[in-house]
Each structure stands twice: as C-alpha cells, then as structure tokens.
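# Geometric and topological summary
Residue-level listing of the chains:
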Amino acid sequence: MDGLTVLLLGGTGEARRLAALLARERPDLRVVTSLAGRVAQPALPEGEVRVGGFGGPAGLVEWLRRERVGAVLDVTHPFAARMSATAVTACAEVGVPLLVVRRPGWTAQPGDAWRRVPSLEAAAETVAELGERVFLTTGRQSLAAFAGLDRQWFLVRSVDPPEPPLPRRLTVVLDRGPFTLDAELDLLHRYAVDVLVTKDSGGSMTAAKLHAARRLGLPVVMVDRPPTPPAEEVERVEDVLPWLLRRSG
Ligand code: NAP
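Everything numeric in this text was worked out from a predicted model, so none of it was measured.

### Regarding the nonpolar core
Judged by nonpolar contacts, the single largest core of 21 residues is most densely connected at Val6, Leu8, Leu18, Leu22, Leu73 and Leu244. At the level of secondary structure, the elements contributing two or more residues to this core comprise strand 1 (5–9), helix 1 (13–25), strand 4 (69–74), strand 5 (98–101) and helix 7 (240–248). Sequence-distant contacts of valine 6, defined by excluding residues within four places in its chain, comprise Leu29, Arg30, Val31, Val32, Ala71, Leu73 and Leu244. By size, the runner-up hydrophobic cluster in this structure holds 19 residues, among which are Trp153, Val193, Ala207 and Val220.

Set out below in structure tokens:
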C-alpha cells in the first residue's frame, strides 16, 4: 500500500505519539494530522498537518475523496464527540475504513470521593453543594455552565485564556500538561481548593490531579464522556499498526 494517504484526526498527546510512530514504522504512508485550530500555538505532531474544521460530514466526505484517503484514524479527545460522529458518517459514506483510538476512562480507587455526573450543567449543580473553592479543569470552552455560580470561587487551568461567559470570581492559570503529583498538591494547597471538577478524559497526562485530590481527601465531580456512534475501537496507539497491516498490507 505504498503511498496510501491516512487522515489522523488529532489534538491529543496520543495523536502526536501516533504520528511519530507512523513516521518511524510506516514511512511508506502519507499521514496527514488534522487539528481543529482551537489552540493558538498547538503542540505540533511530526509530519504533514492541516488545521481547521472540515465543514461537517459533507465537508469531510469531500476532503476524503479529494485527497484519496485510504484510512482514517480518529485520535481526538474523548469529549470531541462531534468530530467523532462526523468521522463515522463520512467514512461510511465514502467507504473508507475508520479506527478510533480512545483511551479508557478513569476508575475510582479506594479513598476517592467521586461524584459522577452526565454533563457540565449537572457538574455545576453538584459543585454548588460540595464546596466553595473549586478547581475547574474541564477546559476553557466549558466555563459557561459555571458562570451562574456567584458563591463559589474558581481556579481555572487552560492552555489559552478562557472567553466569556465566565464565573464572576475567577483566577486563571495558563498551563499545559503533563502535570506532576507534587505540582498538583502545591496548587491545591496554595489556592485552598476544596473541590475538583474534571472531565473523565482518562490517560496519565492529567491524572495527577486525581491522585492529589485522593491524598487530600477532596471531593471530585467527574463529568462522564458524551456518547459517540459505534465504530471499531482500540485503546492504545500501538494497536494501530496491526490494524493498518490487516487493512491493506
Ligand atoms: P468537537 O466538539 O467534537 O468538534 C467541533 C468541531 O470542530 C467539529 O465538528 C469540527 O468542525 C472541528 N474539529 C474538531 N476536531 C477536529 C480535528 N481534529 N480536525 C479538524 N476539525 C476538527 O471537538 P472539540 O471538543 O471542540 O475539540 C477540538 C479539538 O481539541 C479536537 O481535535 C480534540 O482532540 C482536541 N481536544 C479536545 C478536548 C476536549 O475536552 N473537548 C480536550 C483536549 C483536546 P467541522 O464540523 O467544521 O468539521
């Protein structure tokens, strides 16, 4: 399958690792990583990169046909549900094989005090019952759900500055993972945080905050993953290599 074009839907650490792995192991492939363009200065993967939305399923169908794509790898974040749904629809229409690489979610350990909630709105309701000084790590595009909470103070960590609507009492820390346990403990102490809110992103890059919350006995509001349409799925970047071989040699 010399010259096969592979579209890698990215924006995650795994996607960058996969791009590097394919560059090393499969130099015969043309791999194009696609980024949404949300982050001003994204960490760039190895190889070819395109930036920006496709324009929904119809736009992606056109792109797949124009670039003669032979396989699509969806390595987006587990909460990028729209992009994942678009990939399922467009790949089915064009007849291109699709593999989703999705890391498992987190599992509570002994000592954890997690409250699982189905949405950001439910997280905002729950956090109002649990604490006053909230460490909010759900990403800068999910703050609107918390904007109505006036009694709580929020510590928000994001890669780029968040945009309104925002909670009234707010401190922003600009940072990008991975984070260490010591750094997370330090942050929680320094800001006297009494409750943590996170998406169930899974993976090790941002798990230290959960270990820190456990150590300090802090409650965690865990937002469940959004549903995505069924697709062939693996958990590890390494599992892509045999899948590609099975698909086209
Ligand atoms: P989303 O809600 O599923 O996507 C919204 C729209 O953004 C999509 O319909 C698509 O636009 C465009 N888009 C998303 N990912 C794209 C990609 N890799 N390449 C080209 N276009 C893309 O996704 P999101 O939550 O905004 O996430 C955007 C990006 O940030 C993803 O690449 C994701 O991996 C990364 N990310 C997300 C989170 C998170 O918590 N959601 C966290 C870390 C990283 P069109 O409809 O125009 O094609």
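Text resumes after the structure shown.
### Quick look at the packing of aromatic side chains
Scanning the model with the defined rule gives three aromatic pairs in all. When the ring of phenylalanine 146 is compared with that of phenylalanine 154, the centres are 6.0 Å apart and the planes differ by 65°; the resulting orientation is edge-to-face. Both residues of the pair, phenylalanine 146 and phenylalanine 154, count as buried. Lying over the aromatic face of phenylalanine 54, arginine 50 brings its terminal NZ or CZ to 4.0 Å of the ring centre. Across the ring face of phenylalanine 179, the terminal group of arginine 157 is positioned such that the distance to the ring centre comes to 3.6 Å.

### Re helix 6 (residues 208–216)
Every buried residue of helix 6 is listed here: Ala208, Lys209, Leu210, Ala212 and Ala213. Looking one or two residues past helix 6, glycine 217 carries a phi angle of roughly 70°, positive in sign.

### Things to note about the environment of alanine 43
Its place among the elements puts alanine 43 in the loop between strand 2 (30–35) and strand 3 (48–51). Spatially, the C-alpha atom of alanine 43 lies 9.0 Å from that of threonine 12, the residues being 31 residues apart in sequence. Excluding anything up to four places from it in sequence, alanine 43 contacts Arg16 and Arg176.

### Quick word on the domain arrangement of the protein
Split into domains, the protein comes out as domain 1 (5–104 + 227–248) and domain 2 (113–223). If you average the C-alpha positions of domain 1 and of domain 2, the two centres end up 29 Å apart. Counting residues at the interface gives 12 residues for domain 1, matched by 12 residues for domain 2. Taken together, domain 1 and domain 2 are joined by zero salt bridges.

### Focus: the site of the ligand
Neighbouring the ligand are 21 residues, the closest being Gly10, Ser34, Phe54, Met83 and Lys199. One of the backbone N or O atoms of glycine 56 is found 3.1 Å from an oxygen atom in the ligand. Protein contacts shield 79% of the accessible area of the ligand, which totals 810 Å² for the unbound molecule. Only strand 2 and helix 3 (81–94) provide two or more residues apiece to the shell around the ligand. Sorting elements by how many residues they give to the shell around the ligand places helix 3 first, with three residues. Each residue belonging to the shell around the ligand can be placed in one class, and the counts come to seven nonpolar, 10 polar and four charged.

### Some remarks on the pairing of strand 10 (residues 195–199)
Counting buried positions along strand 10 gives five out of five residues, so the element sits mostly inside the fold. Side-chain alternation along strand 10 places Val195, Val197 and Lys199 on one buried face and Leu196 and Thr198 on a second face that is also buried. In this sheet, strand 10 lies alongside strand 7 (residues 133–136) in parallel orientation, the contact comprising three bridges. Residue pairing for strand 10: leucine 136 is matched across the bridge by valine 197. Examined bridge by bridge, strand 10 and strand 11 (residues 219–223) share four bridges and lie parallel to one another.

### Things to note about unusual backbone geometry
For the bond running from proline 164 to proline 165, omega is 0°, close enough to zero to count as cis. Locating proline 165 in the fold gives a position in the loop between strand 8 (153–158) and strand 9 (170–174). Following glycine 177, the chain continues to proline 178 via a peptide bond in cis, the omega torsion being 0°. Within the secondary structure, proline 178 is located in the loop between strand 9 and helix 5 (181–190). One non-glycine residue with positive phi stands out, namely arginine 68, at about 50°. Mapping arginine 68 onto the fold places it in the loop between helix 2 (56–66) and strand 4. Assessed through its relative accessible area of 72%, arginine 68 is described here as exposed. The phi angle at alanine 192 is positive, at roughly 50°, despite the residue not being glycine. Positionally, alanine 192 belongs in the loop between helix 5 and strand 10.

Quick notes on the rules
Residues numbered from 1 in each chain as written. Predicted model: local features only at pLDDT ≥ 70, side-chain atom pairs only at ≥ 80, totals over all residues. Heavy atoms only, no water. Core = buried A, V, L, I, M, F, W, Y, C linked by side-chain atoms within 4.5 Å. Buried < 20%, exposed > 50% of the residue type's maximum accessible area, 1.4 Å probe, protein only. Helix = DSSP H or I, 4+ residues; strand = E, 2+ residues; numbered from the N terminus. Contact = heavy atoms within 4.5 Å. Phe/Tyr/Trp six-rings, centres within 6.5 Å; stacked < 30°, edge-to-face > 60°. Lys NZ or Arg CZ within 6 Å of the ring centre and 35° of its normal. Domains from an automatic or database assignment. Salt bridge = Lys/Arg side-chain N within 4 Å of Asp/Glu carboxyl O. Near = heavy atom within 4 Å. Polar contact = N/O pair within 3.5 Å; in protein donor to acceptor, adjacent residues only side chain to side chain. Areas by Shrake-Rupley, 256 points an atom, 1.4 Å probe, with all protein chains shown as cover. Nonpolar A, V, L, I, M, F, W, Y, C, P; charged D, E, K, R; others polar. Pairing = 2+ DSSP bridges.

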